[in-house]
Amino acid sequence: MKPRSFMGCRIKAFRRPELPVRTERCAMEPPGTAGAPGAAGRPWDEAKAFYDNLTPKKKPKSPKPENAITIAVSSRALFRMEEEQKIYNEQGVEAYVKYQLDHENEPFLPGAAFPFVKALEAVNTQLRELYPDSEELFDIVLMTNNHAQVGVRLINSINHYDLFIERFCMTGGNSPIGYLKAYHTNLYLSSDAEKVSGAIEEGIAAATIFSPSKDLEVSEKQLRVAFDGDAVLFSDESEQIVKAHGLDMFFEHEKAHENNPLAQGPLKGFLEALGKLQKKFYSKGLRMECPIRTYLVTARSAASSGARALKTLRSWGLETDEALFLAGAPKGPLLKKIRPHIFFDDQMFHVEGAKEMGTIAAHVPYGVAQKHKRPLQEKQPQNSK
């Protein structure tokens, strides 16, 4: 039986035990316990447990946006909405809204960002245990340009999966960019490439998230985030040299500038936010048990160009738990071993390779690699993000 909500709190629905009736009296004990040692009083214990479970459970308090690490997620990134998208494209907005209303008690299936969100909440649970009064937590905001009428199905789906998402932003077809700034967004994930590009242009860390080609089990206890280096954590300075002058000139440039930190890329701030939370576990002596683990997964060669990447992170006061320099080798097999909840890269070639191996990958549309003519965008519905 599905969970229900009461006065904003979640309760579990239970079936009332059937009470067998004897001819001489009403039997309170459950079947099979009559005459058993210690049977007296068991029905009352069960009844008490039943009513105790009806008591609304207090949810944790949401942190203030200015204190939290805010992750904005679109509805189609969090949930699978392909059928609804098809209805919008073929039948229009009115048929789409009607379908959502007719099916509002049917929860959506989990989407590409769902495991990532669950991992964020698992980290929050541990942070609240260690720092009960701290608001330095992940705060997840559902950011969608759906109409408010569709909100009931989204709320029902969030309650169905027991997600702690209290902040919604349903813009009714308007751009979410202004709202992302108001929420002090640290990361925006969407399945709409155009909206992600708009966020990047406004200086907001953002990525277009994709579902993998096959399912790969990820950790439920440790948040794992993998980053490409150039044009993701770092600027695209080095990639510009590769594009303009080739690899040999790139290697010479990196050697000559080894001690000059690279400029920051669009996701440097998000790595910084993760590092800030990691240090809260380290200060409690929990470095080895930290529920956040970060990875640098780059096509750079360690010997010829790896030192500058590591020294750049050091100059920022940042680090990743692991650094993998692949020297141009495919990233997919290594990512399959890591099993991150999300992998960020600026090149679709690497995103596609990760997807094929079962990794949830996100494209960061930043840098010289994006300077090509975009194909015409498919019609995007108002449920899109």
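Values in this document were obtained by computation on a predicted structure and should not be read as measured data. (Residues numbered from 1 in each chain as written. Predicted model: local features only at pLDDT ≥ 70, side-chain atom pairs only at ≥ 80, totals over all residues. Heavy atoms only, no water.)

### Brief notes about the overall build of the protein
Along the backbone of the protein there are 14 helices and 14 strands. Buried positions account for 47% of the 385 residues belonging to the protein. Look at the contacts in the protein between residues 6 or more apart in sequence, and 75% of them connect residues 24 or more apart. (Helix = DSSP H or I, 4+ residues; strand = E, 2+ residues; numbered from the N terminus. Buried < 20%, exposed > 50% of the residue type's maximum accessible area, 1.4 Å probe, protein only. Contact = heavy atoms within 4.5 Å.)

### Thoughts on the side chain of Thr171
Relative to the assigned elements, Thr171 resides in the loop between strand E7 (167–170) and helix H7 (177–182). A polar contact is formed between the side chain of Thr171 and the backbone oxygen of Asn174, at a distance of 2.7 Å. (Polar contact = N/O pair within 3.5 Å; in protein donor to acceptor, adjacent residues only side chain to side chain.)

### What about the pairing of strand E9 (residues 206–210)?
Along E9, four of the five residues are buried, which leaves the element largely enclosed by surrounding structure. Strand direction decides the pairing type here: strand E8 (residues 185–190) and E9, joined by three bridges, are parallel. Along E9, the bridge assignment pairs Leu189 with Ala207. Viewed along the sheet, the connection from E8 through helix H8 (residues 193–201) into E9 turns out right-handed. Summarising the sheet, E9 and strand E14 (residues 361–363) pair through three bridges and their orientation is antiparallel. Bridge pairing in E14 links Ile209 to Ala362. (Pairing = 2+ DSSP bridges. Right-handed = clockwise from strand over helix to strand, strands pointing away.)

### Comments concerning the packing of helix H5 (residues 114–130) against helix H11 (residues 268–282)
Look at H5 against H11: their axes get within 10 Å of each other, and the N-to-C directions meet at 35°. As for the relative orientation of H5 and H11, their crossing is left-handed in sense. For the pair formed by H5 and H11, the contact residues are Phe116, Val123, Gln126, Leu127 and Leu130 on the first element and Phe270, Leu277, Lys280 and Phe281 on the second. (Axes fitted to C-alpha atoms, helices over the stretch in contact; angles between N-to-C directions. Left-handed = near helix turned anticlockwise from the far one by under 90°.)

### A closer look at a positive patch on the surface
Together, Lys214, Lys336, Lys337 and Arg339 make up a region of like positive charge exposed at the surface. You can see Lys214 is positioned in the loop between E9 and strand E10 (223–227). On the basis of relative accessibility, which here comes to 39%, the residue Lys214 falls in the partly exposed class. (Patch = residues over 30% accessible without salt bridge, like charges linked within 9 Å, V, L, I, M, F, W, Y side chains within 5 Å. Areas by Shrake-Rupley, 256 points an atom, 1.4 Å probe, with all protein chains shown as cover. Salt bridge = Lys/Arg side-chain N within 4 Å of Asp/Glu carboxyl O. Lys, Arg positive; Asp, Glu negative; His and termini not counted. Charge placed at Lys NZ, Arg CZ, Asp CG, Glu CD.)

### With respect to the nonpolar core
Core analysis: the biggest nonpolar cluster contains 76 residues, and Phe79, Phe116, Leu223, Phe227 and Phe344 have the highest contact counts within it. Shared between two domains, this core takes at least three residues from each, and those domains are domain 1 (69–209) and domain 2 (223–370). When sequence neighbours within four positions are dropped, the list of residues in contact with Leu223 reads Phe116, Ala119, Leu120, Val123, Phe138, Leu274, Pro291, Ile292, Arg293 and His341. Ala226, Leu326, Phe343 and Ala361 belong to the second largest nonpolar core, which has eleven residues in total. (Core = buried A, V, L, I, M, F, W, Y, C linked by side-chain atoms within 4.5 Å. Domains from an automatic or database assignment.)

### A look at the pattern of salt bridges
Applying the stated rule across the entire model yields 20 salt bridges. With its nearest N and O atoms 2.7 Å apart, the salt bridge here joins Glu202 to Lys181. Remark: Lys181 occurs in helix H7 and Glu202 occurs in the loop between H8 and E9; sequence separation between them is 21 residues. Its relative accessible area of 42% is what places Glu202 among the partly exposed residues. On the accessibility criterion, Lys181 (45% relative accessible area) is partly exposed. One connected set of salt bridges, linked through shared partners, spans Asp230, Glu237, Glu254, Arg300 and Arg308.

### Description of the packing of helix H9 (residues 237–245) against helix H10 (residues 247–256)
Direction vectors running N to C along H9 and H10 enclose 145°, while the axes themselves pass 7 Å from each other. By crossing handedness, the relation of H9 to H10 is classed as right-handed. Judged by residue contacts, Glu237, Ser238, Ile241, Val242 and His245 of H9 engage Leu247, Met249, Phe250, His253 and Glu254 from H10. Split by residue class, the contact of H9 with H10 holds five nonpolar, three polar and two charged. (Nonpolar A, V, L, I, M, F, W, Y, C, P; charged D, E, K, R; others polar.)

### As for the confidence of the model for the protein
Taken as a whole, the protein shows an average pLDDT of 84; of its residues, 81% reach a score of 70 or greater. Note on residues 4–41: pLDDT under 50 across the span, and 46 contacts to partners over four residues away in sequence or across chains. Note that residues 372–385 has pLDDT below 50 and, in this model, 47 contacts with residues that lie over four places away or in other chains. (pLDDT = per-residue confidence, 0-100.)

### Points about unusual backbone geometry
A positive phi angle, near 60°, is found at Asp162, a position not held by glycine. Within the secondary structure, Asp162 is located in the loop between helix H6 (151–160) and E7. If you check the backbone angles, His184 has positive phi at about 55° while not being a glycine. Of note, His184 is situated in the loop between H7 and E8.

### Some words on helix H3 (residues 82–91)
All of the buried residues along H3 are Glu84, Gln85, Ile87 and Tyr88. The buried side chains of H3 occupy one side of the element, clustering within an arc of 160° when seen end-on. Here the buried face of H3 lies against helix H2 (75–78), strand E4 (79–80), helix H4 (93–102) and H6. Phi for Gly92, located one or two positions after H3, is positive at around 100°. (Arc of directions from axis to C-beta.)

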